[in-house]
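Structural overview for review
Residue-level listing of the chains:
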Amino acid sequence: MECASRDEIIAIQNEKIVKQVKHVYENVAYYRDLMDKAGVKPEDIKSIEDIRKLPFLTKNDLREAYPCGMLAVPMNDCVRIHSTSGTTGKRVVTFYTQHDIDIWEECCARALAAAGGTEEDVCQVCYGYGLFTGGMGLHGGSHKLGSLTLPMSTGNTERQIQFMQDLKSTILCCTPSYAAYIGETVKEMGLTPDDLSLKMGIFGAEPWTEEMRRDIEAKLGIKAYDIYGLTEMCGPGVAFECSEQKGMHINEDHFYAEIIDPETGEPLPDGTVGELVFTSLDREAYPLLRYRTRDLCVLTREKCSCGRNTVKMCKPLGRSDDMLIIRGVNVFPSQIETVLFKEGFPENYRIEVDRVNNTDTLDIFVELPERLFSDTVSSVAMHEKKLAGAIKTMLGINPVVHLVTPKSIERSEGKAVRVIDRRKLH
Ligand code: ADP
Ligand code: ZN
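Notes on the structure follow. (Residues numbered from 1 in each chain as written. Chains lettered and ligands numbered in written order. Predicted model: local features only at pLDDT ≥ 70, side-chain atom pairs only at ≥ 80, totals over all residues. Heavy atoms only, no water.)

As for the overall build of the protein chain
- When helices and strands are counted, the protein chain shows 10 helices and 21 strands.
- The C-alpha radius of gyration of the protein chain comes to 22 Å, within 12% of the 22 Å expected for a compact globule of 426 residues.
- If you line up the protein chain on its principal axes, its C-alpha atoms span 75 × 55 × 40 Å.
- The 426 residues of the protein chain split such that 54% are buried.
- The contacts of the protein chain with a sequence gap of at least 6 include a subset with a gap of at least 24, amounting to 67%.
- Across the protein chain, the 51 positively charged side chains and the 64 negatively charged ones have centroids separated by 3 Å. (Helix = DSSP H or I, 4+ residues; strand = E, 2+ residues; numbered from the N terminus. Rg over C-alpha atoms; globule rule 2.2 N^0.38 Å. Buried < 20%, exposed > 50% of the residue type's maximum accessible area, 1.4 Å probe, protein only. Contact = heavy atoms within 4.5 Å. Lys, Arg positive; Asp, Glu negative; His and termini not counted. Charge placed at Lys NZ, Arg CZ, Asp CG, Glu CD.)

If you want it as structure tokens, here you go:
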């Protein structure tokens, strides 16, 4: 399927979209109203090109329709629910039929296989199990692939490493921030990557930089692959990296991707930054048409050396609502992370923004790397100044950098909390 030609992929999408729009119009009153308001009928959608006529859905729509307003099949036909992590507000609940679960697990199996996983592998899943989609998604994918699956969930890091050694795990699945934490703990336990059998990691569910990738690869002696997804579409596995590791292939037979101008809603051409919009082409229970992810991204359709012909998305550049506006300047936390790694500070960090006397303040707390731990107070102050200068060069605004004791910033076993914006709390 993944190596189907562009024509074949488009033919599948054409067929699926016509059916899906009918299904939604007939069964989801909320979306039917939106279509009626926009003056679009199911008959107007004859091919995937016509998708542009359909109205968008936003997270607010899903919150308004909570819990069952988007459900397109009788509750009886559903076999499971999951919910978003609630990173940006009230959680959204989504429903799955068995068919929906099968598709999702297939997508995760494709991601594992694209990273080189086979039935010979031992796959340790340390994403959270439960309502969060990370654990169950990769778990299902690993089963489908036929790997031995270790359903560890997050937490108890020393036990994770013990199992990794005892069962000779070869694949690690978790958030990149937890992978970095596991890497630190391996070292603390007096072990090296040679004491483990890990070959690769499938890391996603939160933004991470190329610098962080290299750091995790070195700490664990593995190759680290990116995986993208969102609960509203299914969970992880909407897109994944292949051996080329230049962007993530989108499972286009199930999810149709568009990039739009976040201000005007107009579709943008390949290669342009905009908001990523997804349509689930064959989900039965919770089919979303033109769902605005708020993730900023770029799509490309160049030929890939791996042989897949599906469209690729870049690493999300951030969520449109992740962006901080500090003293009028747009700041993405990932820009700060890039500078920290480049300057030799790969440890944990936290960004705090506040407003004092009507001026925004930016404080960056960074843990001291071991090599500087015995330094004098004045040399630490010099490093703080140097780091602040490098960040100023990148962002154009002056931060205050605080180098703090190792391990004093809370670690995350799930999605990392990197930013505290106190301006919202006043
Ligand atoms: P929430 O929106 O509450 O965090 P989810 O757990 O469904 O809910 O998370 C989906 C979001 O996580 C995506 O919209 C995206 O912002 C982020 N995300 C998922 N995978 C990646 C990835 N590989 N890189 C960057 N961000 C990611
Ligand atoms: Zn590829």
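Read on, since the account is not over.
Description of the nonpolar core
- In terms of nonpolar packing, the biggest core is built from 70 residues, with F278 and M313 touching the most fellow members.
- Take this core: its biggest share by element is 8 residues, from helix α4 (residues 98–114). (Core = buried A, V, L, I, M, F, W, Y, C linked by side-chain atoms within 4.5 Å.)

Here's the deal with the sheet that holds strand β9 (residues 248–250)
- Read across the open sheet, the 9 strands follow the order β4-β3-β5-β6-β7-β8-β9-β14-β13; overall the sheet is mixed. Sheet topology places β4 (148–151) and β13 (299–300) at the edges, where each strand pairs with a single neighbour.
- Across 4 bridges, strand β5 (residues 171–174) lies against strand β6 (residues 200–204) in parallel orientation. If you follow C173 over to β6, its bridge partner there is I202.
- Contacts between helix α7 (residues 176–188) and the sheet are confined to β5 and β6, with β5 contributing the most and set at about 125° to the helix. (Pairing = 2+ DSSP bridges. Axes fitted to C-alpha atoms, helices over the stretch in contact; angles between N-to-C directions.)

Description of unusual backbone geometry
- Along the chain, Y66 connects to P67 via a cis peptide bond; the corresponding omega equals -5°.
- Secondary-structure assignment places P67 in the loop between α3 (59–64) and β1 (80–83).
- Residue Q245 is not a glycine yet carries a positive backbone phi of 55°.
- Tracing the chain through its elements places Q245 in the loop between β8 (235–241) and β9.
- Within the chain, R290 stands out as a residue other than glycine whose phi angle is a positive 50°.
- Checked against the element boundaries, R290 lands in the loop between β11 (274–280) and β12 (291–297).
- Relative accessible area serves as the criterion here: at 2%, R290 is assigned to the buried category.

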